[in-house]
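# Residue-level structural notes
The primary structure of each chain is shown beneath.
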Amino acid sequence: MKRPFHSRPRWRSLRTAGPHGQTGFTLLELVVVLAIFAIFSLMAYGGLDSVLKTRRQVEVAQDRLAQLQKGYLRLRNDLQQVRFRPARDGFGDLQPALRASDAGYLEFTRGGWTNPLYLPRAGMERVAYRFEDGELIRMSWRVLDQAQDSKPVETVLLDGIEEIAWQYLDDKREWQDRWPIEAPDQIDAEVWPPLAVEVSMKTQDLGDLRFLFPIGVQYADVSQGPGDITCPGPGACPDSEPRTPIATPAPEDIVP
C-alpha cells in the first residue's frame, strides 16, 4: 500500500527551522566558514609581510648606494682639485701640499672652494680624511695656515667600513703606502703630489670596493718663477733648461 504524498519522509536541510519557521546556519557551517576565512587571512598577511620586508630591504639598499655615490663624488671632487700649496700646521711647521701616513690619514690642499658670499678668505681649502671606528671622516679647515686653536669641520662621509687602505702613485709609476716617501723627519715641504690616489675599502655589506682617482693638479699648474713656467717634477728640469708642462694622465694610464 502506497503512502500518501504528504506522508513521505523529507530530506532535512542543514538549516533548521526556528520556532517561528525561520531557517539559519548550523554551528558546523559557521566553523567551516571561519576556518576558511582564517586560512585566507593568514595567506594574505604572509604575502603583505613579505612585500613590506622586501620594500624595507630595497630602501636600505638604496640609501646605502646613495651614501656610497655621495662619498665617491666627494672624494673625486676633492682629489681632482688638489693644488701645490704647502700649508702650516698648528705648530707652525710647513707641511707638503699632500701628505699621508700608512695609518689611513690623508691631508692636502684643494682649490675650487666656492665663495658665493664673497667672504674675506682664500679660494683654497685644507682638507683631511681619517678612518676611525668604521667611519671615513672628512675634515676641513677654514684657513690654510692653521693656528693652535684652529678646529676642523668634521663630516662622516662613509660608515660600515671594516678596513681601508690608501696608495699613492709616484712619477715612476710605482705605488707607495705613504706620501711623501721619505721618513717623517726628512720630509721636504716642496715635495710634489702623487700622480694618482687609490683607496681600497672593505665594507660590511658590499664587500671590497676600490676607487682610483687621478690627482687634479699636475705639475703644469705649479708656477716656478717668472713667466709662470712649470716643471714636470722635482729636479727634473734644471734652471738652464726650458720647463714644459705635462698633461694629466688618463685613468687607464695609471691602473697598476
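Keep in mind that what you see is a predicted model, and the values were worked out from it rather than measured. (Residues numbered from 1 in each chain as written. Predicted model: local features only at pLDDT ≥ 70, side-chain atom pairs only at ≥ 80, totals over all residues. Heavy atoms only, no water.)

Once that is clear, we can look at the overall build of the chain. Tallying secondary structure elements over the chain gives one helix and 11 strands in all. Written out in order from the N terminus, the α and β elements of the chain read α-β-β-β-β-β-β-β-β-β-β-β. Taken across its 256 residues, the chain has 32% of its residues classed as buried. Surface summary for the chain: the accessible area is close to 17,200 Å², and the carbon and sulfur share equals 56%. (Helix = DSSP H or I, 4+ residues; strand = E, 2+ residues; numbered from the N terminus. Buried < 20%, exposed > 50% of the residue type's maximum accessible area, 1.4 Å probe, protein only. Areas by Shrake-Rupley, 256 points an atom, 1.4 Å probe, with all protein chains shown as cover.)

On to the nonpolar core. One finds L79, L106, F108, Y129, L136 and W166 to be the most contacted residues of the largest nonpolar core, which totals 26 residues. Among the secondary structure elements, those contributing two or more residues to this core are α1 (27-80), β3 (98-100), β4 (106-110), β5 (125-132), β7 (153-158), β8 (161-169), β10 (196-203) and β11 (207-214). Element by element, the count of residues in this core is highest for β8, at four residues. (Core = buried A, V, L, I, M, F, W, Y, C linked by side-chain atoms within 4.5 Å.)

Turning our eyes to something else, we now look at the environment of A196. Of note, A196 is situated in strand β10. With relative accessibility at 0%, the residue A196 sits in the buried group. Spatially, the C-alpha atoms of A196 and Q80 are 9.6 Å apart, while their sequence positions differ by 116 residues.

The full count for this structure, using the stated rule, is 12 salt bridges. E107 is the partner of R99 in a salt bridge, and the nearest nitrogen-oxygen pair spans 2.9 Å. The class for R99 is partly exposed, based on a relative accessible area of 25%. E154 is paired through a salt bridge with R130; the nearest N and O atoms lie 3.0 Å apart. (Salt bridge = Lys/Arg side-chain N within 4 Å of Asp/Glu carboxyl O.)

Among the secondary structure elements, T203 is positioned in strand β10. Separated by 3.1 Å, the side chain of T203 and the backbone nitrogen of L206 make a polar contact. Ignoring any residue separated from it by four or fewer positions in sequence, one finds T203 in contact with R64, G160, I161, E162 and L209. (Polar contact = N/O pair within 3.5 Å; in protein donor to acceptor, adjacent residues only side chain to side chain. Contact = heavy atoms within 4.5 Å.)

Before going further, it helps to spend a moment on the pairing of β8. Here β8 pairs with β10 via eight bridges, running antiparallel. Paired with Y168 across the bridge in β10 is V197. In this structure, β8 lies alongside strand β9 (residues 175-176), joined through two bridges in antiparallel fashion. Paired with Y168 across the strands is Q176, a residue of β9. Here β8 hands over to β9 after five residues, with R173 in that stretch at a positive phi of 60°. (Pairing = 2+ DSSP bridges.)

Next up on the list: the confidence of the model for the chain. The predicted model of the chain averages 78 in pLDDT, with 75% of residues at 70 or higher. Under a pLDDT of 50 for its full length, residues 220-256 has, in the predicted model, 59 contacts with residues more than four places off or in other chains. (pLDDT = per-residue confidence, 0-100.)

We now examine the packing of aromatic side chains. Taken as a whole and assessed by the stated rule, the structure comprises six aromatic pairs. Considering the side-chain rings of Y72 and F211, the 5.3 Å spacing of their centres and the 65° angle between planes classify their relative orientation as edge-to-face. Of the two residues, Y72 sits in helix α1 while F211 sits in strand β11, which places them 139 residues apart along the sequence. The exposure class assigned to F211 is buried, which follows from its relative accessible area of 15%. Here the aromatic rings of F108 and Y129 are separated by 6.3 Å at their centres, their planes lie at 25°, and the arrangement is stacked. (Phe/Tyr/Trp six-rings, centres within 6.5 Å; stacked < 30°, edge-to-face > 60°.)

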